[in-house]
Amino acid sequence: MAGLALGATALAKVALGSVEIEKISIGSTELWAASHPVSSMKMNRTTPQNLATQSVYEKIVNMVAVTGTHPATVIVDNELQADGDGTWDLAVAITHSNTSSGTGVRVSRKRLGEGGYTVLQTFSTSGTFHTSVSGTITGVAVLAGDLYRVEAMHANFSMRDITTTTLTATAV
């Protein structure tokens, strides 16, 4: 889609009187669409999820929007869905029972219109006793409609409960 400009100045907003125009088209060809900045969002799970397979990353399900502090949160199939374009800092965290087995958490993204997920970053720990894994990914370029999900892994041979999960997307 081509940008709309007045001389050399790109237009970010178009209005007819006090009514903002969302898009300009000729027939079915869209010439310009208003951009919407991405909102901060947060989702979590506060009940345990038992990971079925040892040392295999699995999607965390039954995620809930934290709308009290992040009212713009949109969740689709247990994934944050970006509501605009911009940049996010993504903070992810899981907790689990005390273990020295390897555990990990990662954030994956699916771009609108693409078939698969891309792992943005993985955080893990092992060797010493621990009850959580967390990390932050800064400066993630976000497009409206992108999906972001949390996947976790636990290497314990018998007990693989993830007790809490949180993904916070802060617009920057």
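Residues numbered from 1 in each chain as written. Predicted model: local features only at pLDDT ≥ 70, side-chain atom pairs only at ≥ 80, totals over all residues. Heavy atoms only, no water.

Caption draft 1: Structural detail: the pattern of salt bridges. According to the stated counting rule, one finds six salt bridges in the structure shown. Ionic pairing is found between D77 and K59, a salt bridge with its closest N-O pair at 3.2 Å. Separated by 18 residues along the polypeptide, D77 in the loop between β11 (75-76) and β12 (79-81) and K59 in strand β9 (residues 58-59) bring together distant segments of the chain. For D77, a relative accessible area of 57% corresponds to the exposed category. Notably, a salt bridge pairs E79 with R149, separated by 3.6 Å at the nearest N-O pair. Placement of the pair is E79 in strand β12 and R149 in strand β17 (residues 147-154), with a sequence separation of 70 residues. (Salt bridge = Lys/Arg side-chain N within 4 Å of Asp/Glu carboxyl O. Helix = DSSP H or I, 4+ residues; strand = E, 2+ residues; numbered from the N terminus. Buried < 20%, exposed > 50% of the residue type's maximum accessible area, 1.4 Å probe, protein only.)

Caption draft 2: Examining unusual backbone geometry more closely. At D77, a position not held by glycine, the phi torsion is positive, near 50°. Within the chain, N78 stands out as a residue other than glycine whose phi angle is a positive 65°.

Caption draft 3: Up close: the pairing of strand β18 (residues 161-171). The pairing of strand β7 (residues 41-45) with β18 spans five bridges and is classified as antiparallel. The residue of β18 that forms the bridge with R45 is T165. Relative to β18, strand β8 (residues 49-50) runs antiparallel, the two sharing two bridges. Looking across to β18, one finds that Q49 is bridged to I162. Both strand β13 (residues 86-99) and β18 contribute to a ladder of nine bridges, which runs antiparallel. Each bridged residue has a counterpart across the sheet, and for I94 the counterpart in β18 is T165. (Pairing = 2+ DSSP bridges.)

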